[in-house]
Each structure stands twice: as C-alpha cells, then as structure tokens.
Amino acid sequence: MTVHRFRVEGIVQGVGFRPFVYRTAAALGLDGWVANVNGHVEGEVAGSRRAVEEFATRLRTDAPALARVRRVRLTDGAGGAAHREGFRVRHSAPRPTDTTPREIPPDAAICAACLAELRDPHDRRHRYPFINCTDCGPRATIIEDLPYDRVRTTMRRFPMCPACAAEYADPGDRRFHAEPVACPACGPRPAWEGLRGEEALRAAVKTVGEGGIVAVKGLGGFQLVCDAGDPAAVAELRRRKRRPAKPFAVMVGDIEAVVRLARCGAGERAALTSPERPVVLLARRRRRGAVPLLAPDVHPGLHQVGLFLPTTGLHHLLLDELARPLVVTSGNLTDEPIAVDDAEAARTLGSVADGFLTHDRPIRSRYDDSVVQFTGRTRITVRRARGLAPAPLRLAVREPVAGVGGQLKHTVTLAADGRAHLGPHTGDLADLATYDAFVASYEHLKRLTGIEPRVLAHDPHPGYLSTQWAEAQPLRRMPVQHHHAHVAACAAEHGVRGPFLGVAYDGLGLGDDGTLWGGEILVADLSGYRRVGRFATAPLPGGDAAVRHPSRTALGHLLGGETLGFPHPYPWLTRPFTDRLDPVEVAAVSAMIARDVNCPRASSAGRLFDTVASLLGLCDRVSYEGEAAVLLEAAAGSVRAVPLAHRVVRERGLWVYDPAPTLADLLRRRLDGEPVGMLAAAFHSTLAAVTGELVGRAVAEGAPRTVCLGGGCFVNRRLLTAVTRRLRAQGLRVLVGGQVPVGDGGISYGQAAVAAARLAGER
C-alpha cells in the first residue's frame, strides 16, 4: 500500500467536488480523506500505486460539470496504517499560512433533476422555490468566506431538518455536501407582506397577471417583473423606473418559447441553456399580421431582444403560473445599483413596485444578470455578472495586482498566480451609491480570493471615481491609458504575448495629449503602446452635455471639426438638420464652438456614431449611454450598402480619418431623398473601410499582423462583422474579447494585464 497527499486547485468548492472525490476513491477501493482547505481541495489516499495513479487521472478528467480543475498535485505521504477505515469527507480546515489565491464558484441555474423534483407532486420539494443540489443553486451570492461550507454562507441561519441532514451526509445522494441544501421544512420561504409560502407566490402571480409590477428577490438582487405582452404594464414600468428607452430583458419558460420570439442559432441555444443562464441578445422574429407576443416598448425601435431562461425554482414557478413572457429587469432606479436586501428594496423600489415577493435568505454579494451576444460563431460578453463572475480567467501574472476599472460599466479585477478574478458588473460610478457598491465589491472579492494587491492599476482620468479611490490608497499606483487597457484586455484573454495592432473604438477616454480619445489605432504590447492612427477630432460643446445630446456632437463636427484640407459641409447641406433644432440652442452651441468655450476635443468613434444618428433624425437626445449608436445599427438592419465618401490623411506622423467628406456625402444623399436605412448601412460600411485602410497603412509600415479589437463600439454586430471581414481579407489575424467584456466592463482586466506585464519587465 502507498499513501499519497493530493491537492486540487481551481473552482473545486461549491461544485460537488468532495462528493465526487469520495465516490471516485470508493470505486477504486482507496482509503483516506478529503476536505476543503481555503479555496482548494486536499486530502490523502492510500491503496495500490496503480489505483492511486488512476485516482489522480480521474480528478482531472471526470470532474463535475461545474468544476474547473486547474492543477492536481500528488505527493508521497507519510505512513499508511491510519488509512484502514475507508474514505471519508472531513470538515473544512482554514489554513492562514496558505496564500494561494482562492477561486470562487459562480451561481448556477437550476438543473434538470431539481426542476423535475420541483414539478413532481410526490416529491417533498414539490413547488419549493429554493430547491438546489451540488449541481446548481446559489454560490457566489451567498458565500461570506472560504473554505466553502454552510457555516460560512448566508445559509448558516437555516439548520437542516433530519431529512435534509440525511441527504447531506449520504455519499450516494446528489445533495451529499450540497451546502445550500434546504426544503420547505427548514429552508428559506417566500414572503409577500404578511403572507408566506404558496400564498405569497399566489399574491405575486395575481399582481403580475392583473398588469402590476412586482419586485422579486432573485439570486443576486431584486428584479422588477411585469407581463412582457402588456403594453400598459411595460409603459408604466418605464415611467416608474425612469427608463424611457433602454430595452428590457425578457424571461421565458423554455427554449421553444425563445424560438417563437427570436432567431436562435446553436451558439445562442447553448448559452441560453447553460448553467450560467445569461441574457442573450437575439434577432427578434417578425409576426406579420399577428398580435405581437411582446409589447413594442420592451425593445423600442430595435430588431434585437434580450431573452433568458429561468435561473431559479422561484422564476420557474412564476412562469409556470403566468404562462407568458415576463419582463425581468434590474431592481433599481436608473443609474443606481440593484437592491439586495429587503429594507433597501423597500426604500428604493417602493415607488416602482406594486408588491414585493421576497424571502429570508440574505444576499451577500450583488450580482446583476450577465449579457452575451453572438456575431456568427463569435461570442461577445456585454456584461459579466451572475453565472459568469467571478470565475477566474487566465492571465500571465505573478505578483498580485488589481485593476480598479473606469467610470462606466464598472468592474474590478484582482489577479495573481496566473489567474485574474474579474468581479461582477457594478454599473456606472455616477453617485455615492454606486461608488459604495464598487468599494464593497472590491473588499469582498479581496477577502474571498485572498489576494492582497501590491499595485493598483487605474485609469489616468482624474475625474473618474475609481481613479480618485485608487489615489487615496496606500499602495503603489500605476496609471493605464484607457484604450491601451481595452486592446490589452483582448490580447491578454487570447494569450498574445508579443506586439500586436490594437483598434480601440469607444465613447471617450483621456489621451496622452490631453484630448479625449475614442477612435484609435495603436501598436502595442501588454507593457506599452504608441499611437499610429486616429479619427479626426471635433469639439464636444458642453462636455458631458454633448454626450447626452447627440445634436450637440453633430454641431461640433459640422462647425468645429478638425481642419484637414477638406472643406466642411456647406450651409445648404446642414440647414435641414439645424432647422429642426431649437434655434436658441443652435445659436448657443455655435457660439461655444466659435469661442472654444467648454468644448473639449475628442477623436471618438462613439461620438461619430452619435453625430450620424442625429443628422439622420434618429436621436437628438439619449436616455442611456450608447442609445444613438444602437438606433443607428437598428436603422441599418440587414441593408447592403457601399461606403460613403471618406479619406485618410497623414497628419503629424499619424494616419488620420477625416470624417468631413463622409458627413458631406451623407447630408447630400439625404437631401436627395436616399432612405435613412440605406445611409445608416452606408455609414457602417464606411467605418469598416476606414478601419481597413488605417490598419493596412500601419501594417505596411511594419506594424504586427495580429489585430486586437476593443471598445464598446464593437458590441455593434454589423460593425464587428464588417471590420473583421475587411481585416481578414488582408490576411490579418483578428481577435476580439469573448469572456472579457469588449466594452468598459473589460477595462479592469486590461489594466491588470498591463500592470502584470510591467512588473514582469521590472524583474
């Protein structure tokens, strides 16, 4: 007999790994033990050498579906006489001296076995909303500390009844050491005012069925729910939530319901049915001559709809009873973090919800719903949150670092020992509430991972709340330029170690020259970069006010765009545009531009989208970031169009795209009666052609042939598809983020990647 110590690292807690180890050892006739230790699993096995080697192999190859095994270490143990009593699961043992970063399991949607029990009238958990097992249920949202045991989760307040305790202790049961295990006799219960259990659920169903709005306590926070097919209910939710136009996500009961509403490919289907259960953005189906299944205001003016399947037993019960698609959106007011406890929800959502379907299991960590989309076979993460975060991502990092993100779509990243832990989406750092949510998320992620960063990487913009927080910390700080972080995030995710060509298209980020960047071509590696191309600059009259008013951005381009030898559009071309605007505002903005008063200059691709959307009459004022660009993409639809006039010039050592010919051509063709959809499509084609030319000229001058795309503009499927085709036609390798959000949600990961590379270069 030989005795060996084993240690398994990765996501191996909260995923049924100890029960799996137990069954594997028992099947091979091995003695020993297994336990959770800090963030990993370790133990001893005793038996024949051949059986022990097979045991180690199976730990790698046969792990539970939710596990992510990163490393299995097998070392000689001491003795063997003590291992004559079979194999057992020991209590977890925290070890303060172990500094290995710990990996936290994300929440997992209800599995098929639990769903069958939920609907089985003969099962003791029939219609129990909080049903779970080792393959599903809450994880990251209830964990207070590691090792992962019930006593270190918010389930500690629910002592197991004898029946649940027996399942928990039975190696043959799928709830063997399932920490959130519960049932109607001992677990959390739904509540509605003074009602409990089934009565509470019936009250919520009745309210939604009668056109009301219900705040439902989900896995990672409250959600606002109403009938997605009821125009009055959807309109009222928009009014109360102060969300006039941003599309709502819709939850449906099964994949067949998805197919009735939208076109769904293999990739989308796999994402929808995965344990992560993200919201998936899909092309909606048109029902000619039929009553629409969804109220038009669910996704006003758009050809896409965000759909997802139920994540918990509670969601399934609601959908089973109501038998209709439901709007299920974040439980917050616009720009605020989602509510996570009952008192907070009552305070912030009291004016929105007609009732609260809550429960008595506390939510430890705030997690909104994740959002993904597909462009062909390419998966793009729009928002990384419930189900995806904080599962670690690979990153070439040794010394512990943190990226504290930007200002919009905020996240934080902690990285060490070859892994980056990208925390959940916080939101836009617009006020004290979101700032407090950011600080709390950072501190909790630090506690759970055990990573104490030595360097804080941050955006150089002094106005960002994340930058101001970093500057107040007693740690080494490392500024990372915004667009370098975007393309570095893409490169690091794909394991690009050497130089690459970065294309960063987004709204705004502070550039090295003091202007605002956003349409950038960079030759870079993870340590640094140099700018080789850009969009021409234009003033933003009023600064942030121009971001909220695309008509101001348009006036900035028309009246104050960078002069690069092409005459700006003639007055007769711009008059139809200016004539429909408020003449007082036009005069005021024109004066600001002429006198260069509060008109920061920007080379932003995102703001150029805003300009074109306004010139075409699609959007003069936005209610959410990116709205004008979304409407412009929707207007383009699937129309095929050749590019508008455009030119790239050499200016002070950089290749510069001058949009003046593009805007003149757009206005001229609009005056000639060309449809808005055709011109919107032509603009997308123009940006793809411009990108191909900027990149092609950089490559001709020796730039790398690997191209990394980054920035929120590449959430635009039409732009991403067209740019990718253009660049691949030049024989270039084109990469875009998949697991890391392509927009500002990926900034913190890119910052951590840059900091890690710079520290490695210092050694």
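For the structure given in this document, a descriptive report is provided here.

Parameters and conventions
- For every chain, the first residue of the written sequence is number 1, and numbering continues from 1 onward in sequence order.
- Local features are withheld for residues below a pLDDT of 70 in this predicted model, meaning they are given only at 70 or higher, and side-chain atom pairs are given and counted only at 80 or more; totals for whole chains, interfaces and linings count all residues.
- The side-chain numbers reported here are obtained from all heavy atoms of the structure, hydrogens and water having been left aside.
- For helices the rule is a DSSP run of H or I covering at least 4 residues; for strands it is a run of E covering at least 2, with both sets numbered from the N terminus onward.
- With C-alpha atoms as the basis for the radius of gyration, the globule rule is written as 2.2 Å multiplied by the number of residues raised to the power 0.38.
- Each residue is placed in one exposure class: buried if its accessible area under a 1.4 Å probe, protein chains only, is under 20% of its type's maximum, exposed if it is over 50%, and partly exposed if it falls in between.
- Residues are treated as being in contact if the distance between any of their heavy atoms lies within 4.5 Å.
- Just to be clear on terms, a salt bridge is a Lys or Arg side-chain nitrogen sitting within 4 Å of an Asp or Glu carboxyl oxygen.
- Directions drawn from the helix axis to the C-beta atoms are what define this arc.
- Strand pairing is assigned whenever DSSP detects at least two bridges linking the two strands.
- Here an axis means a line fitted to C-alpha atoms, over the contact stretch when the element is a helix, while the angle between two N-to-C directions is reported on a 0 to 180 degree scale.
- Roughly parallel here means an angle under 35 degrees, roughly antiparallel means over 145, roughly perpendicular means 65 to 115, and every remaining angle is called oblique.
- In this count, Pro and Cys sit with the nonpolar residues alongside Ala, Val, Leu, Ile, Met, Phe, Trp and Tyr, while Asp, Glu, Lys and Arg are called charged and the others, Gly among them, polar.
- Nonpolar side chains (Val, Leu, Ile, Met, Phe, Trp, Tyr) within 5 Å and like charges within 9 Å form the patches, drawn only from residues with over 30% relative accessible area and no salt bridge.
- Accessible surface is estimated by sampling points in the Shrake-Rupley manner with a 1.4 Å probe; for residues, cover comes only from the protein chains shown.

### Quick word on the overall build of the protein chain
The secondary structure content of the protein chain amounts to 23 helices and 32 strands. Taken over the C-alpha trace, the protein chain has a radius of gyration of 27 Å; the compact-globule value for 763 residues is 27 Å, and the two agree within 12%. Here the C-alpha coordinates of the protein chain stretch approximately 90 × 65 × 45 Å along the principal axes. Looking at the protein chain as a whole, 62% of its 763 residues are labelled buried. Summarising the internal contacts of the protein chain: among those between residues at least 6 apart in sequence, 72% fall at separations of at least 24.

### Focus on the pattern of salt bridges
Counted according to the given criterion, the structure contains 46 salt bridges. Across the pair glutamate 42 and arginine 5 runs a salt bridge, and its minimum N-O distance is 3.0 Å. Of this pair, glutamate 42 sits in strand E3 (residues 40–47) while arginine 5 sits in strand E1 (residues 2–11), and the two are 37 residues apart along the sequence. The exposure class of arginine 5 is partly exposed, given its relative accessible area of 27%.

### Some thoughts on helix H4 (residues 162–169)
All of the buried residues in H4 are Cys164, Glu167 and Tyr168. Across the axial projection of H4, the buried residues extend over an arc of 100°, all falling on one side. Of the exposed residues in H4, those oriented more than 90 degrees away from the buried face are Pro162 and Ala169.

### Quick word on the sheet that holds strand E4 (residues 68–76)
Strands sit in the order E4-E1-E3-E2-E5 across an open sheet of five strands; the sheet is mixed. Pairing within the sheet leaves two strands with one partner each, and these edge strands are E4 and strand E5 (87–89). Strand-to-strand twist of the sheet, defined as the mean angle between neighbouring strand axes without regard to direction, takes the value 15°. Note: E1 against E3, seven bridges, orientation antiparallel. Counterpart to phenylalanine 6 in the pairing with E3 is glycine 43. The sheet contacts of helix H1 (residues 17–27) involve E1, strand E2 (31–37), E3, E4 and E5, and relative to E5 the element is tilted by about 175°. In the packing of helix H2 (residues 49–61) onto the sheet, the strands contacted are E1, E3 and E4, and the crossing angle to E1 comes to about 5°.

### Points about the packing of helix H15 (residues 550–560) against helix H18 (residues 605–615)
Contact pair H15 / H18: the axes reach a minimum separation of 8 Å and the direction vectors enclose 100°. Judged on the interaxial angle alone, H18 and H15 are roughly perpendicular. Across the interface between the two elements, Pro550, Ser551, Thr553, Ala554, His557 and Leu558 from H15 touch Arg607, Leu608, Asp610, Thr611, Ser614 and Leu615 from H18. Partitioning the contact of H15 with H18 into residue classes produces five nonpolar, five polar and two charged.

### Notes on a nonpolar patch on the surface
There is a patch of nonpolar side chains on the surface, built from Tyr570, Trp572 and Leu671 and spanning about 330 Å² of accessible area. Along the chain, tyrosine 570 falls in the loop between H15 and helix H16 (571–579).

### Digging into the sheet that holds strand E18 (residues 393–394)
The mixed open sheet is built from six strands, whose spatial order is E18-E21-E20-E19-E22-E23. Of all strands in the sheet, those bounded by a partner on one side alone are E18 and strand E23 (476–479). Pairing geometry for E18 and strand E21 (residues 419–422), over two bridges, is antiparallel. Within E21, the residue paired with leucine 393 across the bridge is alanine 420. The strands touched by helix H11 (residues 432–449) are strand E19 (401–403), strand E20 (413–416), E21 and strand E22 (455–458); relative to E20, the strand with the most contacts, the crossing angle is about 25°.

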